[in-house]
Amino acid sequence: KLSDRLGGVFDRLRGRGALNEQDVREAMREVRVALLEADVALPVVRDFVEKVTEKSVGQSVLKSVTPGQQVVKIVNDQLTEMLGSEASELNIAVAPPAVIMMVGLQGSGKTTTTAKIAKLLKGKQNKKVLMASLDVNRPAAQEQLATLGKQVEVTTLPIIEGQQPVEIAKRALQAAKLQSFDVVMLDTAGRLHVDQQLMDEMRAVAKVSTPHEVLLVVDSLTGQDAVNVAKNFGEQVDLTGIVLTRMDGDARGGAALSMRAVTGKPIKFAGVGEKLDQIEPFHPERVAGRILGMGDVVGLVERASEMVQKDEAEALAAKMAKGQFDMNDLRTQLRQMTQMGGLGALAGMMPGMKKAKAAMAGQMDDKVLVRMDAIIGSMTPKERSKPELLNAKRKIRIAKGSGTTVQDVNKLIKMHQEMSRAMKRIKKMGGLKGLAAMFG
Ligand code: GDP
Ligand code: MG
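Calculation notes
Residues numbered from 1 in each chain as written. Chains lettered and ligands numbered in written order. Predicted model: local features only at pLDDT ≥ 70, side-chain atom pairs only at ≥ 80, totals over all residues. Helix = DSSP H or I, 4+ residues; strand = E, 2+ residues; numbered from the N terminus. Buried ≥ 20, exposed ≤ 12 C-beta atoms within 10 Å, placed from the backbone. Contact = placed C-beta atoms within 7 Å. Axes fitted to C-alpha atoms, helices over the stretch in contact; angles between N-to-C directions. Parallel < 35°, antiparallel > 145°, perpendicular 65-115°, else oblique. Left-handed = near helix turned anticlockwise from the far one by under 90°. Nonpolar A, V, L, I, M, F, W, Y, C, P; charged D, E, K, R; others polar. Near = placed C-beta within 6 Å. Expected span 1.5 Å × (residues − 1). Pairing = 2+ DSSP bridges. Right-handed = clockwise from strand over helix to strand, strands pointing away.

**Student:** For the overall build of the chain, give the residues involved together with the corresponding values.
**Tutor:** Along its length, the chain carries 21 helices and eight strands. Looking at the chain residue by residue over its 440 residues, the buried ones come to 44%. The long-range share in the chain, meaning contacts at least 24 apart out of those at least 6 apart in sequence, stands at 77%.

**Student:** Summarise the packing of helix H5 (residues 110-125) against helix H6 (residues 141-152); cite the residues concerned and give the values.
**Tutor:** Where H5 contacts H6, the two axes come as close as 10 Å, and the packing angle between them is 25°. Considered as vectors, H5 and H6 are oriented roughly parallel to each other. The way H5 lies across H6 gives a crossing that is right-handed. On H6, the residues that touch Thr-111, Thr-114, Ala-115, Ala-118 and Lys-119 of H5 are Ala-141, Gln-144, Leu-145, Leu-148, Gly-149 and Val-152. Residues of the contact of H5 with H6, tallied by class, amount to six nonpolar, four polar and one charged.

**Student:** Please set out the site of ligand 1 residue by residue, giving values where relevant.
**Tutor:** Around ligand 1 lies a shell of 16 residues, among which Gly-109, Lys-110, Thr-111, Thr-112 and Gly-271 are the nearest. Take the shell around ligand 1: its biggest share by element is three residues, from H5. Among the residues making up the shell around ligand 1, the classes are represented as one nonpolar, eleven polar and four charged.

**Student:** Quick one: what's the story with H5, residue by residue and with numbers?
**Tutor:** The end-to-end C-alpha distance of H5, which contains 16 residues, comes to 21 Å, matching closely the 22 Å that a straight helix rising 1.5 Å per residue would cover. With twelve of its 16 residues buried, H5 lies for the most part within the structure. Looking one or two places after H5, you find Asn-126, whose phi comes out positive at around 60°.

**Student:** Any details on the sheet that holds strand S4 (residues 183-187)? Residues and values, ideally.
**Tutor:** Taken in spatial order, the eight strands of this open sheet run S3-S2-S4-S1-S5-S6-S7-S8, and their pairing is mixed. Lying at the two open borders of the sheet, with one neighbouring strand each, are strand S3 (155-156) and strand S8 (279-281). Of the strand pairs in this sheet, strand S7 (residues 267-271) and S8 are connected by three bridges, and their pairing is antiparallel. Paired with Ala-270 across the strands is Glu-280, a residue of S8. The strands touched by H6 are strand S2 (129-133), S3 and S4; relative to S2, the strand with the most contacts, the crossing angle is about 160°. Sheet strands in contact with helix H8 (residues 196-209) are strand S1 (98-104), S4 and strand S5 (213-219), and its direction is about 175° off that of S1.

**Student:** I'd like a rundown of unusual backbone geometry, residues and numbers included.
**Tutor:** Each neighbour pair has its own omega, and for Pro-96 with Pro-97 the value is 0°, a cis peptide bond. In this fold, Pro-97 is placed in the loop between helix H4 (67-84) and S1. In this structure, Glu-153 is a non-glycine residue whose phi angle is positive, near 55°. Under the C-beta neighbour-count criterion, Glu-153 is labelled exposed, with 11 such atoms within 10 Å. Residue Arg-246 is not a glycine yet carries a positive backbone phi of 60°. In this structure, Arg-246 sits in the loop between strand S6 (241-245) and helix H10 (254-263).

**Student:** Could you give me a rundown of the pairing of S5, with the residues and numbers involved?
**Tutor:** Among the seven residues in S5, seven count as buried, and that is most of the element. Residues Glu-213, Leu-215, Val-217 and Asp-219 line one face of S5 and the alternating positions Val-214, Leu-216 and Val-218 line the opposite face, and both faces are buried. Pairing between S1 and S5: five bridges, direction parallel. Opposite Met-102, over in S5, you have Leu-215 as the bridge partner. Judged from the five bridges that link them, S5 and S6 form a sheet pairing that is parallel. Each residue of the ladder has a partner; that of Val-217, found in S6, is Val-243. Following the backbone out of S5, through helix H9 (residues 226-236) and into the adjacent parallel S6, one traces a crossover that is right-handed.

Have a look at this one:
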């Protein structure tokens, strides 16, 4: 995980007074990789790294934590700040009706989110909400909203065949005034990609409805393209906020940082599932952790005095999430096994690891552990980090060196393979999120 990589960079810095520029630059290379892996857009990454470098250089190193951890905390704090530390409520405390306009690409989740927010406003704030679909391009788009409206028991504007978006918006506002609705939600049409017709239509609707909120709905799985989407929409209408959908998937959250950096607008909600109550206020600190690839970075520093063991468990979790698990990790696990139930216990908690567990079952008495440790001890560092190097010749050497047999070496390799495979499966199943749930 990032803190480990940084730990390496900073180890020799221990006992010195302050973080110097060269060390920080070196650390920032790791930060850059972590951000790019999280799909943060390149220009945003550059900007971010610059800011953190500025903040880090010259900071004195805390006594209780390693310099690496300290930089992680600075990175995390900066991320959280950039993601938005301010509360981001919907601005609907206006003379009714408050108008909320939803914009975004097709399939980003606009219609679903419209219904989700309507449900929230109705349930939590007791608002009388009217929803209207302005999507006249996609067949059945208007019916889709009507169906969702029934599900959340929110009124939708009756559909009039052939009416165009601007007319529908006007009619929605009129209806809202006449029937004293508190909030009108306008669900606009999307396109597969940004085009001028869409933008013109959106602007025309904004002009007649003068919305109090214009929420850009973005799929959190949008990678580098997030920047373009944000720019294009932001240039055409005055966005007031962003909603990130599909945060339940295995998006690393990079889009959040990109969107936020480009538009400067707060991320107001996160969609976390298809169901209509699966929407949450946006939590910057959680997403920051996700971007950095760990559950709780700040906690790492705050719990700096805690046992190494937990740290190692977190490091393992991060490796698992990436599908990396080498002989060094196996060794660590073997060593912990007697103390904390180790991988056996871990395996028991994870779906898809039954086979790995079976491979270990019954052979885990103390002698076996000692032997396995010896086998790994006889490997070269290269072999440990790249077990696939282990050919027949190397196995014979290792068996000799550890006072075991080639058969024993093979058993260990088999165990490692089973475990790696299980971990790759975990990664496919949603990796970080599943693991975060387990370790968080
Ligand atoms: P629109 O074209 O922007 O109106 O998108 P829709 O609201 O029709 O959503 C497209 C698909 O994404 C639907 O199948 C939704 O159920 C799904 N969806 C929307 N938000 C979320 C979310 O937060 N999580 C998940 N898993 N699916 C979502
Ligand atoms: Mg739609």
